[in-house]
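Remarks on the overall topology
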Amino acid sequence: MNNQEYGRILRDAPAEEPARQQYFMNQLKQLVEEKSRKTGRPLTACVQTFGCQMNAKDSEKLLGILERAGFQASESEQSDFVLYNTCTVRDNANQRVYGRLGYLHNLKNKNPGMIIALCGCMMQEPSVVEKIETSYRFVDLIFGTHNIFKLAELLFMQICEGHRVVDIWKGTDKIVEELPAQRKYPFKSGVNIMYGCNNFCSYCIVPYVRGRERSRDPEDIIKEVEALAADGVVEVMLLGQNVNSYGKTLAHPVSFASLLRRIAEVKGIERIRFMTSHPKDLSDELIGVMRDCPKICRHLHLPLQSGSSRILKLMNRVYDKEQYLALTEKIKAEIPDISLTTDIIVGFPGETEEDFEETMDVVRRVRYDSAFTFIYSKRTGTPAAAMADQVPEDVVKVRFDRLLKEVQKISAEVCTKDVGKTMTALAEGTDSHEPGMITGRLGNNIMVHFPGDASDIGKLIQVKLTESRGFYYMGVRLS
Ligand code: 5AD
Ligand code: SF4
């Protein structure tokens, strides 16, 4: 394409979204078709996700845009377009990306036409972008978390201009609806209900890379859930950094509990999950809705982070050990079959043996179904990174191993409690280790293996749990 033509295409682009992106998806499609005619094969695109469910959901949107623009989705990094959707919550997430980039460079040396792109949380850190620009010059396109909806426009520009395109937004109040998404599973889907985070836990980089809290309009959420149900989805996972504060900043404020009630009314949706809940905002209204609505799964992910009130204060978590324990007691009293899971950080600056023992104490009292345990990772720019008394690595490692052992012992015990019961499982896939078996997920998020075949996938099946195998059950089907 010559410069004049390129200039005309940019000039003619609609200013409003999503019309602008629809336009660029069409423009990109023409380029992709032309290239594919020349090479005599379809052009492939691979999107790899690092990080959380929020990122996984973003990747579905990115792949949706690419497919609409004529690319064929591929799992392989030996593709014409490779996009890494990055995470920066802990340093090991960053290191994984740098490691994989070396591998991509080799692939690009063999296929110079390949386009390499990076987006997501890591790219919201100026020092990372600087490093990529100077030391990873083979990266062709860089964008962040706030403008993923612009992928078609940015990629179109990159191809036409033939040099690297970098577009990072510091923040946004914009939520662009109605762009395509390529769902990974036909029967379940994540649904964003809010973006960003206002909590500023002192260890956490998320508020800096995902920006301020913005809730989606409830009508838009309901419309999306209805469309998913019409498309065969039976389970939705409502996504947000802190779902309990959903709706507080809307022009007409609504509570998360009332949103749940409305979603439960959507015909065809059989199961509702959500994540993540901050203990400080978990309302009695929410506990009541969970108790009364059978469609809401009996599972609550309630990050503890630390059991020491002193450390919780330094973490800016706004609750103490006693309040957290009282909250879990109240939830268990109202919903006796609830499954509680959590996130715990070991080795926050200044953590003493006594502080760590407080964490172990909460773990023993709450008896989580499972817990994600993390070694504290220093994130530049967060208040905790500047705190004195960073705990020595060897001390943290010993505590981490002790915690992990305790958590695993308790989960194995908790995971025997439903043996003999009949529960509903959503068949999610065939078991790759054992032919003739299906892997299903119970409402409490624990997996169960039972006989079945591919035709069961996506169905809700009654399963009698016959045996516990530590972290999952074996079962026989009754439907
Ligand atoms: N170091 C270690 N773990 C962290 N998390 C967030 N930030 C850090 C950090 N700097 C953990 C928290 C959070 C989960 C998503 O990641 O436990 O709940
Ligand atoms: Fe998710 Fe946080 Fe990682 Fe971003 S940095 S992908 S929000 S866990």
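Residues numbered from 1 in each chain as written. Chains lettered and ligands numbered in written order. Predicted model: local features only at pLDDT ≥ 70, side-chain atom pairs only at ≥ 80, totals over all residues. Heavy atoms only, no water.

**A look at the layout of surface pockets**
A volume near 830 Å³ is recorded for the second largest pocket. The wall of the second largest pocket is formed by 32 residues, among which Lys 61, Val 176, Glu 178, Leu 179 and Glu 224 lie closest to the centre. Among the secondary structure elements, those contributing two or more residues to the lining of the second largest pocket are α3 (53-68) and α8 (218-230). It is α3 that provides the largest number of residues to the lining of the second largest pocket, a total of six residues. Classifying every residue of the lining of the second largest pocket gives 13 nonpolar, five polar and 14 charged. (1 Å grid on protein atoms, 1.4 Å probe; cavity = no way out; pocket = protein on both sides within 12 Å on 5 of 7 lines; lining within 4 Å. Points joined across faces, edges and corners; volume = space filled by probe spheres on them. Helix = DSSP H or I, 4+ residues; strand = E, 2+ residues; numbered from the N terminus. Nonpolar A, V, L, I, M, F, W, Y, C, P; charged D, E, K, R; others polar.)

**Overview of the site of ligand 1**
As a structural note, the neighbourhood of ligand 1 is formed by Val 89, Arg 90, Tyr 203, Gln 305, Asp 343, Ile 345, Phe 374, Ile 375, Tyr 376, Ser 377 and Arg 379. Isolated, ligand 1 exposes 400 Å² of accessible area, and the fraction of that covered by the protein chains is 85%. Among the residues forming the shell around ligand 1, the class breakdown is six nonpolar, two polar and three charged. (Near = heavy atom within 4 Å. Areas by Shrake-Rupley, 256 points an atom, 1.4 Å probe, with all protein chains shown as cover.)

**Focus on unusual backbone geometry**
Here Glu 17 and Pro 18 are connected by a cis peptide whose omega angle stands at 5°. Mapping Pro 18 onto the fold places it in the loop between α1 (3-12) and α2 (19-39). At the junction of Met 275 and Thr 276, the peptide bond is cis and its omega measures out at 5° in the coordinates. Checked against the element boundaries, Thr 276 lands in the loop between β11 (271-275) and α10 (284-292). Not every positive phi belongs to a glycine, and Arg 367 is a case in point at roughly 55°. Mapped onto the fold, Arg 367 is located in the loop between α13 (353-366) and β14 (370-375). Looking at Arg 367, the relative accessible area reads 35%, which means it is partly exposed. Even without a glycine there, the phi angle at Asn 445 is positive, about 80°. Mapped onto the fold, Asn 445 is located in the loop between β16 (437-442) and β17 (447-451). (Buried < 20%, exposed > 50% of the residue type's maximum accessible area, 1.4 Å probe, protein only.)

**Quick word on the sheet that holds strand β7 (residues 188-192)**
An order of β7-β10-β11 is seen for the three strands of this open sheet, with the pairing classed as parallel. Each end of this open sheet is capped by a strand with a single partner; those strands are β7 and β11. With direction set aside, neighbouring strand axes in the sheet form an average angle of 25°. One ladder, built from five bridges, connects β7 with strand β10 (residues 235-239); its direction is parallel. Along β10, the bridge assignment pairs Lys 188 with Glu 235. (Pairing = 2+ DSSP bridges. Axes fitted to C-alpha atoms, helices over the stretch in contact; angles between N-to-C directions.)

**Describing empty space enclosed by the protein**
Overall, the coordinates contain one cavity of 30 Å³ or more when judged by the stated rule. One number sums up the size of the largest cavity: a volume of about 30 Å³. Among the secondary structure elements, those contributing two or more residues to the lining of the largest cavity are α12 (321-334) and α13. The element that contributes the greatest number of residues to the lining of the largest cavity is α12, accounting for four residues. Taken together, the residues of the lining of the largest cavity sort by class into two nonpolar, one polar and three charged.

**Quick notes on the side chain of Thr 382**
Residue placement: Thr 382 occurs in the loop between β14 and α14 (393-414). On the basis of relative accessible area, Thr 382 is assigned to the buried category, the value being 4%. In terms of polar contacts, Thr 382 uses its side chain to reach the backbone carbonyl oxygen of Arg 379, at 2.6 Å. Those residues in contact with Thr 382, other than ones at most four positions away along the chain, are Ser 202, Tyr 203, Cys 204, Ile 205 and Tyr 208. (Polar contact = N/O pair within 3.5 Å; in protein donor to acceptor, adjacent residues only side chain to side chain. Contact = heavy atoms within 4.5 Å.)

**Details of the sheet that holds β16**
One closed barrel holds the five strands; their spatial order is β15-β16-β17-β19-β18, and the pairing between them is mixed. Direction aside, neighbouring strands of the sheet carry axes that sit 50° apart on average. Looking at chain direction, strand β15 (residues 422-430) and strand β18 (residues 460-468) are connected through five bridges and run antiparallel. Residue Met 423 lies in a different strand from β18, and its bridge partner there is Val 463.

**Observations concerning α13**
Its 14 residues place the ends of α13 20 Å apart at the C-alpha level, agreeing with the 20 Å of an ideal helix rising 1.5 Å per residue. Within α13, the full set of buried residues consists of Asp 355, Phe 356, Thr 359, Met 360, Val 362, Val 363 and Val 366. Within α13, the buried residues cover an arc of 155° as seen down the axis, which keeps them to one side. Residues of α13 that are exposed and point over 90 degrees away from its buried face: Glu 354 and Arg 365. Elements that come into contact with the buried residues of α13 comprise α11 (309-314), α12, β13 (339-346) and α14. Directly beyond the C-terminal end of α13, a positive phi value near 55° is found at Arg 367. (Expected span 1.5 Å × (residues − 1). Arc of directions from axis to C-beta.)

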